[in-house]
Amino acid sequence: MIISRIELQNWRNFKSAEAGLKEVTYVLGPNASGKSNFLDCFRFLRDIAKSSGGGLQKAVDARGTLKKVRCLHARTKPQVSIKVDVSGGAGQPDWCYELSFTSEGKGRHRPVVDRERVIRFGEDGRETILDRPDADDKKDQERLTQTALEQIQANEPFRALVKFFANTTYVHLVPQLIRFGDEIGGRQLEDDPFGQGFLERIARTPEKSRTRRLKRIEGALKTIVPQIEGLEFVRDTATGRPHLQVRYKHYRPRGAIQQEDQFSDGTLRLISLFWLIIDGQSLLLLEEPELSLDEQVVEKLSEVIDRVQRGLRRKRQIIITTHSSALLSNPGIRGDSLLILEPLDEGTRIVTPSEAEMNALSSGLSPAEVVLPRAQRTGSGGQLELNL
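Described below are features of the structure shown in this document.

## Some remarks on the overall build of the chain
Looking only at helices and strands, the chain has 14 helices and 17 strands in total. Relative to all contacts within the chain whose residues are 6 or more apart in sequence, the contacts with residues 24 or more apart total 59%. In the structure as shown, the chain presents an accessible area of about 19100 Å², 45% of it carried by carbon and sulfur atoms.

Structure below.
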């Protein structure tokens, strides 16, 4: 499944915004335009739905307070709303999920559900599976402190949607945490967004699947680092700790073997990124994947991501935030996969390439040449200028 459309009301930077999403979507925008906050709305749905618990109350609390989640420009409508269409890939949505929440206005000022709705689309049309507040909610207002996403007894008719949200993965990989996770120690953040437990994640994968995935990643790496001959999973015979190792071709007949503590930051980041693309079927959120990578590698990144996914029975949907000219220099990136965030006086809006820009992209120019200039802030008013 993929999220094919999203609508936001009063979420963070976005007073009112909507966007269509593709299997791979690139989100562009200047600093402080809301790229991270755009990704966070998908993480928010994950945090509500995931089985570890916490739901709406914990998801809002993890972000500070409801005031920090609500758009600063929200005035007449205090509700925060997220609405997504989820498609099985055929084009038309299979599901629509809508969540609107606000403060209870008294007592502890907890976030409460203002509206929650689930619609299923089928051959016979649309069917409303859930529409809250319902009669039971009106009898017991305490029920509105929880969403149906987090209630097993309530979400059975749309459990597939709940699991899809709950399995969303967000990564902003820090190679040093992967390389020296055990030595650094300390508390590992929930959902491990920085990759501290990456090697253990590989270790938990069944051997046949692990070997097959590493072979696919090795093939992708060879397009960037031709000297690599093998990528393998091994365990330290003394401590049992998991390791990755590669063999590099050079003047020695058998090459040189290195483990992850000897990998460059870029190589380790690429391996981790490619593994996560393969390891899952729900949404994958990548924040600035170009970090720690050589510019020549970044230029090929979109092609290599496509190569890693090629032949997979089920591909992960990927949303990538970036302002890298090198990453967007690939003319193969489709114009309809680009979202541009434009800061305005009343919050950020989301736009797509104009007709003129689409024509320029169709003629062979790259997004870096055509669209990226719109993400360059000019003037004191924060307006964006297009330089074609």
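## A few points about the packing of aromatic side chains
Under the definition given, this model contains six aromatic pairs. A centroid spacing of 5.4 Å and a plane angle of 85 degrees characterise the contact between Phe38 and Phe42, whose relative ring orientation is edge-to-face. Residue Phe38 and its partner Phe42 are located together in helix α1 (residues 35–49), separated by four residues, close to a single helical turn. Phe42 shares its class with Phe38; the two are buried. Lying over the aromatic face of Trp11, Arg12 brings its terminal NZ or CZ to 5.7 Å of the ring centre. Taking NZ or CZ as reference, Arg43 lies 4.1 Å from the ring centre of Tyr170, over its face.

## With respect to the environment of Gln258
Structurally, Gln258 can be placed in strand β11 (residues 256–259). C-alpha separation for the pair Gln258 and Leu244, spaced 14 residues apart in sequence, amounts to 8.4 Å. Setting aside chain neighbours within four positions, we find Gln258 in contact with Leu244, Gln245, Val246, Tyr248 and Phe263.

About the cut-offs
- Here the residue numbers are simple positions, counted from 1 along each chain's written sequence.
- Reporting of local features is limited, given that this is a predicted model, to residues whose pLDDT is at least 70; pairs of side-chain atoms are given and counted only at 80 or more, and all residues count toward the totals for whole chains, interfaces and linings.
- Think of the side-chain values as coming from all heavy atoms in the structure, minus any hydrogens and water.
- Secondary structure elements are taken from DSSP: a helix is a run of H or I of four residues or more, a strand is a run of E of two residues or more, and numbering for both begins at the N terminus.
- In this analysis, two residues are considered to be in contact whenever any of their non-hydrogen atoms come within 4.5 Å of each other.
- The accessible surface values rely on the Shrake-Rupley method and a 1.4 Å probe; as for residues, cover is taken only from the protein chains in view.
- Between 30 and 60 degrees the pair is tilted, below 30 it is stacked and above 60 it is edge-to-face, where a pair is any two Phe, Tyr or Trp rings, Trp via its six-membered ring, whose centres lie within 6.5 Å.
- Relative accessibility under 20% of the residue-type maximum defines a buried residue, over 50% an exposed one, and the middle range a partly exposed one, all with a 1.4 Å probe and only protein chains included.
- Working rule: Lys NZ or Arg CZ, within 6 Å of ring centre, within 35 degrees of ring normal, means a charge sits over the ring.

Shape descriptors only; they carry no functional weight alone.
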